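The lines below spell out each chain.
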Amino acid sequence: MIIVMKFDASKEEISNILKEVRKFGFKSNLSRGKEKTIIGLIGNVAAVSTDHFQLFSGVENVLRVSKPFKLASREFSPEKSVVRVNRVSLGGNDVIVMAGPCAVESREQILETALKVKEAGATILRGGAFKPRTSPYSFQGLKEKGLEILAEAKEKTGLSIVTEVMTPEHVPLVGEVADILQIGTRNMQNYALLEAAGKYNKPVLLKRGMMATLEEFLMAAEYILSNGNSNVILCERGIRTFETYTRNTLDLAAVPLLKELSHLPVCVDPSHATGLRSLIAPVSKAAVAVGTDALLIEVHPHPEKALSDGAQSLNLEEFSKFMEELRPVAVAIKRRI
Ligand code: PEP
Ligand code: MN
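Given the structure is predicted, the values throughout are model-derived calculations rather than measurements. (Residues numbered from 1 in each chain as written. Chains lettered and ligands numbered in written order. Predicted model: local features only at pLDDT ≥ 70, side-chain atom pairs only at ≥ 80, totals over all residues. Heavy atoms only, no water.)

## Let's talk about the overall build of the chain
Filter applied, for reference: What counts as a helix is a DSSP run of H or I of at least four residues, what counts as a strand is a run of E of at least two, and both are numbered from the N terminus. Relative accessibility thresholds used throughout: buried, under 20% of the residue-type maximum; exposed, over 50%; partly exposed, between the two (1.4 Å probe, protein chains only). The contact rule is simple, with two residues in contact once any of their heavy atoms fall within 4.5 Å. Method for areas: the Shrake-Rupley scheme with a 1.4 Å probe, in which residue coverage is limited to the protein chains shown. Just so you know, the count uses Lys and Arg for positive and Asp and Glu for negative, and it drops His and the chain ends. Just so you know, the charge point we use is NZ for Lys, CZ for Arg, CG for Asp and CD for Glu.
Helix and strand counts for the chain come out as eleven helices and 14 strands. Projecting the C-alpha coordinates of the chain onto the three principal axes gives extents of approximately 65 × 40 × 40 Å. Looking at the 337 residues of the chain, the share that counts as buried comes to 54%. Contacts in the chain between residues at least 24 apart in sequence constitute 68% of all its contacts with a sequence separation of at least 6. Accessible surface, the chain as shown: approximately 14900 Å² in total, 54% of it carbon and sulfur. Counting 43 positive and 39 negative side-chain charges, the chain places the centres of these two groups 2 Å from one another.

Below you can see the structure in the form of structure tokens.
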């Protein structure tokens, strides 16, 4: 059972609930967020009626949720959630395209990409400043300098920024520039990072761990939500299977299934899911058709010279053609790109 306190519930109202919970012999988990305070009850709560707690002052809602993920579940919020990022809404009628290179490599690369992807219809610029690389000898990103370049691109184009954060300590640093904090596949179960992002007041793009079940994925989202941040976007980016022709295997069914299980907006990243430039357009069309709310696409002015993930990046011209091809698919399901 979870008790959602009113936005303006006082300390006394919260402590009254905690005392009552103890009287029943239950343990509780209190998460005090910027938007909501939530009390989770732990113990055999089946015997207690939700009405009992509903009558206490300061209580907004009391819910019994059967799934292990509570705040992420459809039972908690039967309505789809919309995550607002400046002028853009994720989870609304528009399919949002986030595009840009795997990594921020130079000022010229980012400014050129930003202008061109904006012209083609993308509304969010992607680009890693801190890069989680499999090899310690690979390019690790421009770090702080990369963030400065992203900030300049944002100022010049008005595009919002999504960029990865790898450690809890870096959340405020990256959050100063990012409009959306990206938590990558390798960090999906980095609980300290999930908690730090949960306590920070910026939307989070949470990528599915490469070996994660959907339940594990939603439980990771639950860490962010239960720490008070309700703006989470789930990103399917392919999982590891026996197949080797593609970098990962895109779990397309995860898109409608996540939307059945959860109210959170869903994004698909066909670049990391396939590893192959030629598959980005067909796979994106399928993702739009099955209801993705957003796409995360790697775009580079010169993919052949990219310091990471060139083989799965579109060039600027290809990206613009890609956007044109995608629009009729969105229209066919009464959405817009
Ligand atoms: C990325 O988006 O650049 C990235 C590293 O993705 P993932 O965490 O899905 O591998
Ligand atoms: Mn990449």
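That was the structure; now back to the text.
## With respect to the domain arrangement of the chain
What counts here: Residue ranges for the domains originate in an automatic or database domain assignment.
Each assigned domain of the chain is listed with its residue range as follows: domain 1 (2–63) and domain 2 (83–332). Each of domain 1 and domain 2 has a C-alpha centre, and the two are 36 Å apart.

## Notes on the coordination of the manganese ion (ligand 2)
Reference values for coordination geometry: four tetrahedral donors around a metal ideally subtend 109.5 degrees, six octahedral donors ideally subtend 90 or 180 degrees. Short version of the rule: Coordination shells were defined by N, O and S atoms within 2.8 Å of each metal, extended to 3.2 Å for Na, K and Ca; water is absent from the atom set, which can make sites look incomplete.
Surrounding the manganese ion (ligand 2) are the protein donor atoms Cys102 (SG), His272 (NE2), Glu298 (OE) and Asp309 (OD), which sit 2.0 to 2.4 Å from the metal. On the primary sequence, the residues serving as donors to the manganese ion (ligand 2) are separated as C-x169-H-x25-E-x10-D. A residue pair is termed long-range when its members are at least 10 positions apart, and Cys102 in the loop between β7 (96–100) and α3 (107–120) and Glu298 in strand β14 (residues 294–298) qualify at 196 residues. This pair shows no difference in class: Cys102 is buried, exactly as Glu298 is.

## Concerning the side chain of Arg237
Heads up, the rule is: What counts as a salt bridge is simple: a side-chain nitrogen of Lys or Arg found within 4 Å of a carboxyl oxygen of Asp or Glu.
Inspection of the secondary structure puts Arg237 in the loop between β12 (232–236) and α8 (254–261). Asp269 provides the closest opposite charge to the buried, salt-bridge-free Arg237, at an N-O distance of 5.7 Å. Look past the residues within four positions of Arg237 in its chain and what remains in contact with it is Thr185, Lys207, Arg208, Met210, Asn248, Asp269, His272 and Ala273.

## Comments concerning the sheet that holds strand β11 (residues 204–207)
As a reminder, the rule being used: A pair of strands is labelled paired if DSSP reports no fewer than 2 bridges between them. For helices, the axis comes from a line fit to the C-alpha atoms of the stretch in contact; other axes are also lines fit to C-alpha atoms, and the angle between any two N-to-C directions lies between 0 and 180 degrees.
Strand order in the closed barrel made by the eight strands is β7-β8-β9-β10-β11-β12-β13-β14, with parallel pairing throughout. Going across the sheet, the axis of each strand differs from the next one's by a mean of 25°, ignoring polarity. Relative to strand β13 (residues 266–268), β12 runs parallel, the two sharing three bridges. The partner of Leu234 across the bridge, within β13, is Val266. Where helix α6 (residues 191–199) meets the sheet, it contacts β10 (180–183) and β11, and its direction lies at approximately 170° from that of β10.

## As for the packing of aromatic side chains
The criterion, for reference: To pair, rings of Phe, Tyr and Trp, with the six-membered ring standing in for Trp, must have centres within 6.5 Å; the planes then decide the type, stacked if under 30 degrees apart, edge-to-face if over 60, and tilted in the middle.
Considering all chains together, one arrives at five aromatic pairs under this definition. When the ring of Phe24 is compared with that of Phe26, the centres are 5.7 Å apart and the planes differ by 10°; the resulting orientation is stacked. Exposure remark for Phe24: the relative accessible area of 34% places this residue in the partly exposed category. Phe26 gets classed as buried once you look at its relative accessible area, which sits at 9%. Between Phe24 and Phe53, the ring centres sit 5.9 Å apart and the planes meet at 50°, which makes this aromatic pair tilted.

## Here we look at the site of ligand 1
Inclusion rule: Nearness is judged by heavy atoms alone; a residue qualifies as near a molecule or strand once a single heavy atom is within 4 Å of it. As used in this structure description, the phrase polar contact means that two N or O atoms lie within 3.5 Å; if the pair is within protein, one of them must be able to donate a hydrogen and the other to accept it, and residues adjacent in sequence are counted only when both atoms belong to side chains. Each residue gets one label: Ala, Val, Leu, Ile, Met, Phe, Trp, Tyr, Cys and Pro are nonpolar, Asp, Glu, Lys and Arg are charged, and the others, such as Gly, are polar.
Taken together, the residues surrounding ligand 1 are Cys102, Arg126, Lys131, Glu164, Gln182, Gly184, Thr185, Arg186, Lys207, Arg237, His272 and Glu298. A distance of 2.8 Å separates an oxygen atom of ligand 1 from a polar side-chain atom of Arg126. Within the complex, the protein chains bury 97% of what would otherwise be the 300 Å² of accessible surface of ligand 1. Considered class by class, the residues forming the shell around ligand 1 number one nonpolar, four polar and seven charged.

## Thoughts on the packing of α6 against helix α7 (residues 214–226)
Here is the rule we go by: If an angle is under 35 degrees, it is roughly parallel; if it is over 145, roughly antiparallel; if it lies from 65 to 115, roughly perpendicular; otherwise it is oblique. Handedness of a crossing follows from how the near helix is turned relative to the far one, being left-handed for an anticlockwise turn of less than a right angle and right-handed for a clockwise one.
Following both chains from N to C, one finds α6 and α7 inclined at 45°, their axes separated by 7 Å at the closest point. Taken together, the axes of α6 and α7 are oblique relative to one another. The handedness of the crossing between α6 and α7 comes out as right-handed. Contacts from Tyr191, Leu194, Glu195, Ala197 and Gly198 of α6 reach α7 at Ala220, Tyr223 and Ile224.

## Remarks on the pairing of β12
What counts, and what does not: Look down the strands so they point away from you; if going from the first strand over the helix to the second traces a clockwise path, that crossover is right-handed.
Counting buried residues in β12 gives five out of five residues, a clear majority hidden from the surface. Every second residue of β12 is oriented toward a common face, with Val232, Leu234 and Glu236 on one face and Ile233 and Cys235 on the other, all of them buried. In this sheet, β12 lies alongside β11 in parallel orientation, the contact comprising four bridges. Along β12, the bridge assignment pairs Leu205 with Ile233. For the handedness criterion, the β-α-β arrangement of β11, α7 and β12 is classed as right-handed.

## Looking at unusual backbone geometry
The backbone phi angle of Asp309 is positive, close to 60°, even though this residue is not glycine. With respect to the helices, strands and loops of the structure, Asp309 is situated in the loop between β14 and α11 (316–332). Positive phi values are uncommon outside glycine, yet Lys334 reaches one of about 60°. By the element assignment, Lys334 lies in the segment after α11.

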